[in-house]
Structures are given as structure tokens and as C-alpha cells.
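Given next are the chains, with one letter for each unit.
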Amino acid sequence: QVQLVESGGGLVQAGGSLRLSCTASGTIFSIIAMGWYRQTPGKQRELVATIPSRGTATYADSVKGRFTISRDNAKNTVYLQMNSLEPEDTAVYYCSVKHLGFGIIRDYWGQGTQVTVSS
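Residues numbered from 1 in each chain as written. Predicted model: local features only at pLDDT ≥ 70, side-chain atom pairs only at ≥ 80, totals over all residues. Heavy atoms only, no water.

On a plain count of helices and strands, the chain comes out with zero helices and 11 strands. Taken along the three principal axes of its C-alpha coordinates, the chain extends 50 × 25 × 25 Å. Residue burial in the chain is summarised as follows: out of 119 residues, 39% are buried. A fraction of 55% describes how many contacts in the chain between residues 6 or more apart in sequence connect residues 24 or more apart. On the chain, roughly 6,400 Å² of surface is accessible, and the fraction owed to carbon and sulfur atoms is 50%. Looking at charge distribution, the chain has the averaged site of its 11 positive side-chain charges lying 7 Å from that of its 8 negative ones. (Helix = DSSP H or I, 4+ residues; strand = E, 2+ residues; numbered from the N terminus. Buried < 20%, exposed > 50% of the residue type's maximum accessible area, 1.4 Å probe, protein only. Contact = heavy atoms within 4.5 Å. Areas by Shrake-Rupley, 256 points an atom, 1.4 Å probe, with all protein chains shown as cover. Lys, Arg positive; Asp, Glu negative; His and termini not counted. Charge placed at Lys NZ, Arg CZ, Asp CG, Glu CD.)

Here we come to the side chain of Arg-38. Counting through the fold element by element, Arg-38 comes out in strand β4 (residues 30–39). For Arg-38, the side chain forms a polar contact with the side chain of Tyr-93, separated by 2.9 Å. Not counting residues up to four positions away in its chain, the partners in contact with Arg-38 are Gln-44, Arg-45, Glu-46, Val-48, Ser-62, Val-63, Phe-67, Asp-89, Ala-91, Val-92 and Tyr-93. (Polar contact = N/O pair within 3.5 Å; in protein donor to acceptor, adjacent residues only side chain to side chain.)

This part covers the environment of Val-115. Turning to its location among the elements, Val-115 is positioned in strand β11 (residues 113–118). Distance from Val-115 to Val-12, taken between C-alpha atoms, is 7.9 Å for residues 103 residues apart in sequence. Apart from residues lying up to four places away in sequence, Val-115 is in contact with Gly-9, Gly-10, Leu-18, Leu-20, Met-82, Asp-89, Thr-90, Ala-91 and Tyr-93.

Scanning the model with the defined rule gives six salt bridges in all. Its salt-bridge partner being Arg-38, residue Glu-46 comes within 2.7 Å of it at the nearest N-O pair. The class for Arg-38 is buried, based on a relative accessible area of 7%. If you follow the salt bridges from partner to partner, you end up with Arg-38, Glu-46, Arg-66, Glu-86 and Asp-89 in one network. (Salt bridge = Lys/Arg side-chain N within 4 Å of Asp/Glu carboxyl O.)

This is how it looks when you write it as C-alpha cells:
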């Protein structure tokens, strides 16, 4: 089992910045990718950004140029630097890890952290 603990959410004014962190712990064999998703009431969870163990990051069009995802493999931690925040970025942000163990790929999710951007 892999556990994810997120931190860094909060309330910020439009134009401000926040940095989210997510650390994976537990029985970890191989993390294929780490990412961030977000969800607002009544809407489906949507991709914000993902970063593979090797390769380049992928971003939703709505956050390109404003958000930056990065990871520290030694710490099994993924970060999301969010700049120029807009009220439309208000959501619960979820960390996700795609894990490979014993030939099985499984997605794990964090508990979510609230990000609120006031206008």
C-alpha cells in the first residue's frame, strides 16, 4: 500500500501564489508518474499536471505558463507551484501516484487539499 499526504493548500488572492506538496510513503516499488488533479462541486475531476519518472511534464491548457510541476524522486515527493492564481483555479486539489509493484499498475490518491482564490 502507498499512502499520500498533501499539504500547501489555502486561501489566496487572485494573482497570488501557492505551492502544493505531496509525499508518498509505504511499500513503494516503482513510481511511474506523479500528478495533480482538481475537482469542483458538480464537476468531474480534471488533470492539472503530471510528471513521469522519465520524460517531460504534461499540463492542462488552463494552467500552462502559470503552474509548474516538479518531483524529488529521492523523497518520493511531487510539488505544484501555482502562480498568477485565478478564481477559476479554486478547487480541491488531489495528488495522484501511478505505482508499479509485482507487475501491477495501480493509481493511488491523496485526501485532497482545498485551494481557494478570491477575486
